[in-house]
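So you can see what is in the structure, the chains are spelled out below.
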Amino acid sequence: AALPLRYAGDKVIRVVPESKKETQILRAAFNRLKVDLWQPSSPLHIVEGAVTDVRVPRNTTRSLLPFLQQANIQYTILISDLQEAIENQTGRRSHRNRRSLSEYNYEVYHSLEEIEDWMHYLNRTSSDLVHMFSVGKSYEGRPLYVLKLGKRSRPYKKAVWIDCGIHAREWIGPAFCQWFVKEALQTYQTDPDMRKMLTQLYFYIMPVFNVDGYRFSWTNDRFWRKTRSKNMRFHCHGVDANRNWKVKWCDEGASLHPCDDTYCGPFPESEPEVKAVAHFLRKHRKQIKAYLSFHAYAQMLLYPYSYKYATIPNFNCVELAAYNAVNALQSAYGVRYRYGPASSTLYVSSGSSMDWAYKNGIPYAFAFELRDTGHFGFLLPETLIKPTCTETMLAVKNITLHLLKKCH
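Residues numbered from 1 in each chain as written. Predicted model: local features only at pLDDT ≥ 70, side-chain atom pairs only at ≥ 80, totals over all residues. Heavy atoms only, no water.

**Some words on the pattern of salt bridges**
Pairs can form between side chains of opposite charge once their charged atoms are near each other.
For step 1, the next point in the chain: With the rule as written, the count across this model stands at 16 salt bridges.
For step 2, the next point in the chain: For the salt bridge of Glu113 with Arg215, the shortest nitrogen-to-oxygen distance reads 2.7 Å. Here Arg215 lies in helix H7 (residues 211-219) and Glu113 lies in helix H4 (residues 112-125), a separation of 102 residues in the sequence.
For step 3, the next point in the chain: Accessibility expressed as a relative area gives 38% for Glu113, which makes it partly exposed. (Salt bridge = Lys/Arg side-chain N within 4 Å of Asp/Glu carboxyl O. Helix = DSSP H or I, 4+ residues; strand = E, 2+ residues; numbered from the N terminus. Buried < 20%, exposed > 50% of the residue type's maximum accessible area, 1.4 Å probe, protein only.)

As structure tokens, then:
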């Protein structure tokens, strides 16, 4: 199923600016040319010594690469033909066996329709541990489904919120959310830790936060990031759903321009998806003790703040949880994650869901940036779903068990 938007001949290149001057040249060039920044998310965040990955359209390559050579700026080509890489990521989609849901394959990427069918199926067949509900509707009118996972062992239980797919093109996110549910259901009987987690806590899991955008990344544009709301003045679609939260909204690291990838929206919670989830989290803020959001790519575990360089009040507990989680993750395949406050570990950004959750009284708020560090970027192959999810699972269980112990 090749997408309507063809990427034949497009490249992904990596540049690491070595001076202030190179940084300025790159910012200016990328602002002028229509390129798609993969890392960081905006030209403002291009800094000396840090990796910049950028998708360069075929027709821009002819001018950009000689320009970089002339300016004496080193670059490496990560992906030389993007269309080929897209087709390699999912294999030839049409030949994929769509067997019954009871034999659902967790090691391939699934369309929104498949994920929703899978949720309905679990709701029917695992009703002792799963309850499916909707927190609202998306801009295009799709239901925003959440799975409530856990033993109905007592009327009041603490809870953990997990969301995936805030950014449409980060497909490994929704794959992990599904994997988490599968692991919980499959190991509940045999794994004492999982049993403890599902007995003592509820998990609210939202496999696809940005449903419209995710669907669009399957049908129209593999590298779509934002929601799909319409902007009347600019004829650009979408808002960055991770810049639309009511916490230092549209400050540093977010854009006021509707055509930008980091557009913060016309006002906080302008996106029905963000508004619906924020409403749900506000309503359950006394119950929810952890907020986990899954993104890609960078191999990082981030905690607040994103919008400023400052230390959170419960830093020691959160830092310890992050340190242990990253070590647990590494124990599987030796993959090292960097961890720390989002502002200093990644870059400053305002209006993020993680900061909002923390500001609204959820003491443990984390954002994962899953594999890899740019070799595949957003096109992580299906063969890497299993190892990525396996190691991430260890980190999530570690954080969850940390919650159940008192931290002082």
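**Structural notes on the state of the cysteines**
For step 1, the next point in the chain: With the rule as written, the count across this model stands at four disulfides.
For step 2, the next point in the chain: With a sulfur-sulfur separation of 2.1 Å, Cys164 is cross-linked through a disulfide to Cys177. Across the S-S bond of Cys164 and Cys177 the torsion is about 85°, and the bridge reads as right-handed. You can see Cys164 sitting in strand S7 (residues 158-164) and its partner Cys177 sitting in helix H5 (residues 172-187), a full 13 residues away along the chain. (Disulfide = S-S within 2.5 Å.)

**Things to note about the environment of Val277**
For step 1, the next point in the chain: Turning to its location among the elements, Val277 is positioned in helix H8 (residues 272-283).
For step 2, the next point in the chain: Through-space distance from the C-alpha of Val277 to that of Met206 is 9.6 Å; in sequence the pair is 71 residues apart.

**Structural notes on the UniProt feature "active site" (unreviewed entry) in the chain**
For step 1, the next point in the chain: Per the UniProt annotation, the sites labelled "active site" (unreviewed entry) are Glu369.
For step 2, the next point in the chain: Position of Glu369 among the secondary structure elements: in strand S12 (residues 364-370).
For step 3, the next point in the chain: Discounting residues that sit within four places of it in the chain, Glu369 has contacts with His295, Ala296, Tyr297, Ala298, Gln299, Met300, Leu302, Tyr337 and Leu346. (UniProt positions renumbered as here; feature names shortened; annotations may be inferred. Contact = heavy atoms within 4.5 Å.)

**Overview of the pairing of S7**
For step 1, the next point in the chain: Of all seven residues making up S7, six are buried, and the element is well covered by its neighbours.
For step 2, the next point in the chain: Across six bridges, S7 lies against strand S8 (residues 201-206) in parallel orientation. Following the sheet pairing, Ile162 is matched in S8 by Ile205.
For step 3, the next point in the chain: Two strands pair when backbone bridges link them, and S7 and strand S9 (residues 288-296) are joined in this way by six bridges, in the parallel orientation. Residue pairing across strands places Asp163 opposite Ser293, the latter belonging to S9. (Pairing = 2+ DSSP bridges.)

**What to know about the pairing of strand S5 (residues 130-137)**
For step 1, the next point in the chain: Across six bridges, the pairing between S5 and strand S6 (residues 143-149) is antiparallel. Within S6, the residue paired with Val130 across the bridge is Leu149.
For step 2, the next point in the chain: Hairpin connection from S5 to S6: five residues lie between these consecutive antiparallel strands, with Gly141 at a positive phi of about 90°.

**Thoughts on the UniProt feature "domain: Peptidase M14" (unreviewed entry) in the chain**
For step 1, the next point in the chain: Under the present numbering, the feature "domain: Peptidase M14" (unreviewed entry) in UniProt falls on residues 108-403.
For step 2, the next point in the chain: What you have in residues 108-403 is 37% helix and 18% strand, and the ends, taken at the C-alpha atoms, are 31 Å apart.

**Remarks on the side chain of Gln287**
For step 1, the next point in the chain: Secondary-structure assignment places Gln287 in the loop between H8 and S9.
For step 2, the next point in the chain: Apart from the residues within four sequence positions on either side, Gln287 is in contact with Tyr156, Lys157, Lys158, Ala159, Tyr202 and Tyr204.

**Some details on unusual backbone geometry**
For step 1, the next point in the chain: Following Gln39, the chain continues to Pro40 via a peptide bond in cis, the omega torsion being -10°.
For step 2, the next point in the chain: Tracing the chain through its elements places Pro40 in the loop between strand S2 (36-39) and strand S3 (52-56).
For step 3, the next point in the chain: A cis amide bond links Arg371 to the next residue, Asp372, at an omega of 0°.
For step 4, the next point in the chain: Along the chain, Asp372 turns up in the loop between S12 and helix H12 (385-404).
For step 5, the next point in the chain: Although it is not a glycine, His235 sits at a positive phi angle of roughly 55°.
For step 6, the next point in the chain: For His235, a relative accessible area of 69% puts it in the exposed group.
For step 7, the next point in the chain: The phi dihedral of Gln299 falls on the positive side, at around 60°, and the residue is not glycine.
For step 8, the next point in the chain: Along the chain, Gln299 turns up in the loop between S9 and strand S10 (300-303).
For step 9, the next point in the chain: Judged by relative accessible area, which is 12%, Gln299 ranks as buried.

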